[in-house]
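For reference, the chains in residue letters:
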There are 2 protein chains.
Amino acid sequence: MVKISKRSEELPQSPIRKLYPYAEAAKAKGVEVLHLNIGQPDVLTPKNALQAVKDYDVDIVKYGASSGKIQLRKAIANHYIKHVAKINYEDVFVTTGASEAIQFVLFTAMDAGDEIIIPQPFYANYIGYAQMADIAIVPINSDIDRAFKLPEINQFEELITDKTKAILLCNPNNPTGQLYTESDLQALAMLSKKNDIYLIVDEVYRPFVYTDKFYSALSLNDMDDHVVVIDSISKVFSACGARVGCVVTRNRKLLDSIEKYGQLRLSPPDFGQELAITCYNIYDEYIGAAKLQYEARRDLAYSRLSNIEGVKTYLPPAAFYNMIELPVEDAEHFCKWLLSSFRHQGRTLMLAPANGFYRDQLLGKSQVRLAFVLNVEKLNLAFDILEAGLIAYRGRIA
Amino acid sequence: MVKISKRSEELPQSPIRKLYPYAEAAKAKGVEVLHLNIGQPDVLTPKNALQAVKDYDVDIVKYGASSGKIQLRKAIANHYIKHVAKINYEDVFVTTGASEAIQFVLFTAMDAGDEIIIPQPFYANYIGYAQMADIAIVPINSDIDRAFKLPEINQFEELITDKTKAILLCNPNNPTGQLYTESDLQALAMLSKKNDIYLIVDEVYRPFVYTDKFYSALSLNDMDDHVVVIDSISKVFSACGARVGCVVTRNRKLLDSIEKYGQLRLSPPDFGQELAITCYNIYDEYIGAAKLQYEARRDLAYSRLSNIEGVKTYLPPAAFYNMIELPVEDAEHFCKWLLSSFRHQGRTLMLAPANGFYRDQLLGKSQVRLAFVLNVEKLNLAFDILEAGLIAYRGRIA
């Protein structure tokens, strides 16, 4: 028998997607499954941007520049100058989603065997990309009792070795909905500078901040070589399927290296880039309503979750996630049980078990991640199911 | 100073793209540059497929299935059943271009430190993807004096060690335009089976065969677990910018592993997949004219090249490339010189130096790759420039 690679056997399944077979089985039996498991927004993609794809006239769908269309890089740069920080369009390297941006940055900023410090829980796909790049994730615990705020800086400092090449943050945070503040970023910048390591910040949820104020790593002074930002149109513009993201950094040497990986895959998707150009150009008229929708859901979620017995939660200041603790021993078992055995008025609920968002999986054993990607009415139904499910589950395992 | 990774410094630049700065400089001075360096077809993308993207109506550009849209997988399977070999739609995993397909296959079929045998010259980007997967390419020389036909099977056999996990072919071949025959494939299949290694065949130029007959690796008997085919719409349908390719294999365990890497990057581009569905559905009405255009160019190229003094060539039976030997010591120097110093009636020519298509770069030192991606009239002009350039260059370096 020809063999499958060991590394692919060791690669974990996505915690967001691994329970799909259970959801499919439920749907096959006529059960309505409400999805809070995946960050697939139900907010509409900008109409003008969809129209731009329809209006895009070409005879040949050609390879483009590896770094993306100049028009898109300029649209992104203009957006950054207005809303984020002063950059040049040449600081923008367009990628096939933030996923590819992460991969390119790990391969160019770090060598095999190097270490990267990431607060856990973290975006689960970092594990896979670190494994592909043969990089060790050194997790630093953030705690639900502190609403997953940034751990103390001295705890980061203690983890730095001569193999540490970067600190990676997701800000606003997926999966916690937490926001790292200006002073958090300043402190991490000092630490990164002192140890000459990269500060990589995944800012794909940037506009969705409801409490406090967002501070981009690109606003940090005197960190041009050290700061690398990951971005994407997926969440901001509800355009996950377009597969358009970018790396933004003022470190030109790093960009030169990224260009080589970019040439390997030739160019980012043509139609998605056309969509993205219009997205960035109409940001101002679009983003307010999208943000209001997510804020209303967050408020509803907090109010509902605070009233479910035994659930530990906090008010997430940003993004559209909440990592909560359930009064169950094994949240993955509970999630499977919801899909396979529990029905509430003909419906059930799909959640993402949190263990996959931790390198040390036991830490997340009783937690689940919720994504607020349903409208207020559906979201209320989802919490009805969760509330009833927790009661029934307790009865069942007692 | 924060450092760039060693691996990214070691990653070679694309031989197809690395001379662009010289081409840009020439264009900036008003010189027309004819491009034979890159496989960007000038044949038109199917009109109906472009229209399908315009007609595609969605409110939200959502993530899709990691393995691609079912409708596309079925369109590909139907196409294969009719034109290639009997497969099931579940044997098709849709990727973001053939590039991603190569990456996924290398990561799932092989571990770090494993070896892959590839006839050289080969598609240059295999080097980068092998480096990313930490796989050693073991090249086997194919020779211009044999028109780059497949080396003898016993030569492959001699290279197999306990680290060898795969043989990789590109058939029809980029960069040589050569075609491996049914008996070549049969012999390699026996060898792969005997040693229990994968036979990976990149068939992205499949329909463009002018002499002899194409034989897909998927037609091999009793090789379901060992054969993996890489495919793409880029060349067949002149849709390089759509970024849609696929892995086709009957090895379900391998597909399960590919699914995990696919989930990491979430899904292939949405709009490109819509384009691709129509491409496969209208293949029969489209492909004939496209093929005739490439065949006419190949014939013209062969007739012109055969009459340029000192040029060594052969009639490429397939694809739209030709790897030729020039009467110069250093083809890369000649290519740069064409762009920076040589003008013929206000024009010059961009070629891809062949050294980057070899692991052992010296073997390609006098060779260049030509891509027949200009119409017959422009192609004639390109050969006028090459002919005059070779005479002028000889005068210059003598």
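The structure under discussion appears in the preceding block.
All values derive from a computational prediction rather than experimental measurement. (Residues numbered from 1 in each chain as written. Chains lettered and ligands numbered in written order. Predicted model: local features only at pLDDT ≥ 70, side-chain atom pairs only at ≥ 80, totals over all residues.)

Colleague: Requested: an account of the overall build of chain A, with residues and values cited.
Modeller: Scanning chain A from terminus to terminus reveals 13 helices and 12 strands. In terms of overall size, chain A behaves like a compact globule, its C-alpha atoms giving a radius of gyration of 21 Å where 398 residues would be expected to give roughly 21 Å. Each principal axis of the C-alpha distribution contributes one length, and for chain A these read about 60 × 55 × 55 Å. Relative to its full complement of 398 residues, chain A shows a buried share of 56%. For chain A, long-range pairs separated by at least 24 residues make up 75% of all intrachain contacts whose partners lie at least 6 apart in sequence. (Helix = DSSP H or I, 4+ residues; strand = E, 2+ residues; numbered from the N terminus. Rg over C-alpha atoms; globule rule 2.2 N^0.38 Å. Buried ≥ 20, exposed ≤ 12 C-beta atoms within 10 Å, placed from the backbone. Contact = placed C-beta atoms within 7 Å.)

Colleague: Please set out the sheet that holds strand 8 (residues 245–248) of chain A residue by residue, giving values where relevant.
Modeller: Residue and element names in this part refer to chain A. Strands sit in the order 2-8-7-6-5-3-4 across an open sheet of 7 strands; the sheet is mixed. Where the open sheet ends on each side, the last strands, each with one partner, are strand 2 (92–95) and strand 4 (136–141). Recorded for the sheet is a direction-independent mean angle of 25° between the axes of neighbouring strands. Pairing between strand 3 (residues 115–120) and strand 5 (residues 164–170): 3 bridges, direction parallel. Bridge assignment links isoleucine 117 to a residue of strand 5, and that residue is isoleucine 167. Seen against the sheet, helix 6 (residues 125–132) touches strand 3, strand 4 and strand 5 and runs at an angle of roughly 150° to strand 4. (Pairing = 2+ DSSP bridges. Axes fitted to C-alpha atoms, helices over the stretch in contact; angles between N-to-C directions.)

Colleague: Can you lay out the environment of asparagine 307 of chain A for me, pointing to particular residues and giving the numbers?
Modeller: Residue position: asparagine 307 of chain A is located in the loop between helix 11 (283–306) and strand 9 (321–325). What makes asparagine 307 of chain A exposed here is the crowd of 10 C-beta atoms within 10 Å.

Colleague: So what's going on with helix 9 (residues 252–264) of chain B? Which residues, and what values?
Modeller: Residue and element names in this part refer to chain B. Relative to the 18 Å expected for 13 residues at 1.5 Å per residue, helix 9 spans 19 Å between its end C-alpha atoms, a close match to the ideal helical length. Where burial is concerned, most of helix 9 is hidden: 10 out of the 13 residues are buried. Three or more residues of helix 9 are buried, namely Leu254, Leu255, Ser257, Ile258, Glu259, Lys260, Tyr261, Gly262, Gln263 and Leu264. Note on helix 9: the residue one or two positions beyond its end, leucine 266, has a positive phi of about 75°. (Expected span 1.5 Å × (residues − 1).)

Colleague: Please provide a residue-by-residue account of the interface of chain B and chain A, values included.
Modeller: Bring the parts together and some accessible area is lost; that lost area is often taken as the interface size. Contacts between the two partners involve 63 residues from chain B and, on the opposite side, 63 residues from chain A. Secondary structure elements with two or more residues in the side of chain B that touches chain A: helix 1 (6–10), helix 3 (47–55), helix 5 (97–109), helix 6 (125–132), helix 9 and helix 10 (270–281) of chain B. Class assignment of the residues belonging to the side of chain B that touches chain A gives a composition of 26 nonpolar, 20 polar and 17 charged. (Nonpolar A, V, L, I, M, F, W, Y, C, P; charged D, E, K, R; others polar.)

Colleague: Please set out the packing of helix 5 (residues 97–109) of chain A against helix 6 of chain A residue by residue, giving values where relevant.
Modeller: Residues and elements named next belong to chain A. Packing of helix 5 against helix 6 leaves a shortest axis separation of 9 Å and a crossing angle of 40°. Considering the angle they form, helix 5 stands oblique to helix 6. For the crossing formed where helix 5 meets helix 6, the hand is right-handed. Of the residues in helix 6, those touching helix 5 at Ser99, Ile102, Gln103 and Leu106 are Asn125, Tyr126, Tyr129, Ala130 and Met132. (Parallel < 35°, antiparallel > 145°, perpendicular 65-115°, else oblique. Left-handed = near helix turned anticlockwise from the far one by under 90°.)

Colleague: Quick rundown of the relation of the copies chain B and chain A? Include the residues and the values.
Modeller: Once chain B has been moved 0.0 Å along the axis and rotated by 180°, it coincides with chain A to within an RMSD of 0.0 Å. Viewed as a symmetry operation, the transformation between the two copies matches a two-fold axis. Minimal C-alpha distance to the rotation axis in chain B is attained by lysine 54 of chain B, lying at 2.1 Å. Of the residues that chain B buries at the interface, 100% are likewise interface residues in chain A, meaning the two copies contact each other through the same surface. (Least-squares fit on C-alpha atoms with pLDDT ≥ 70 in both.)

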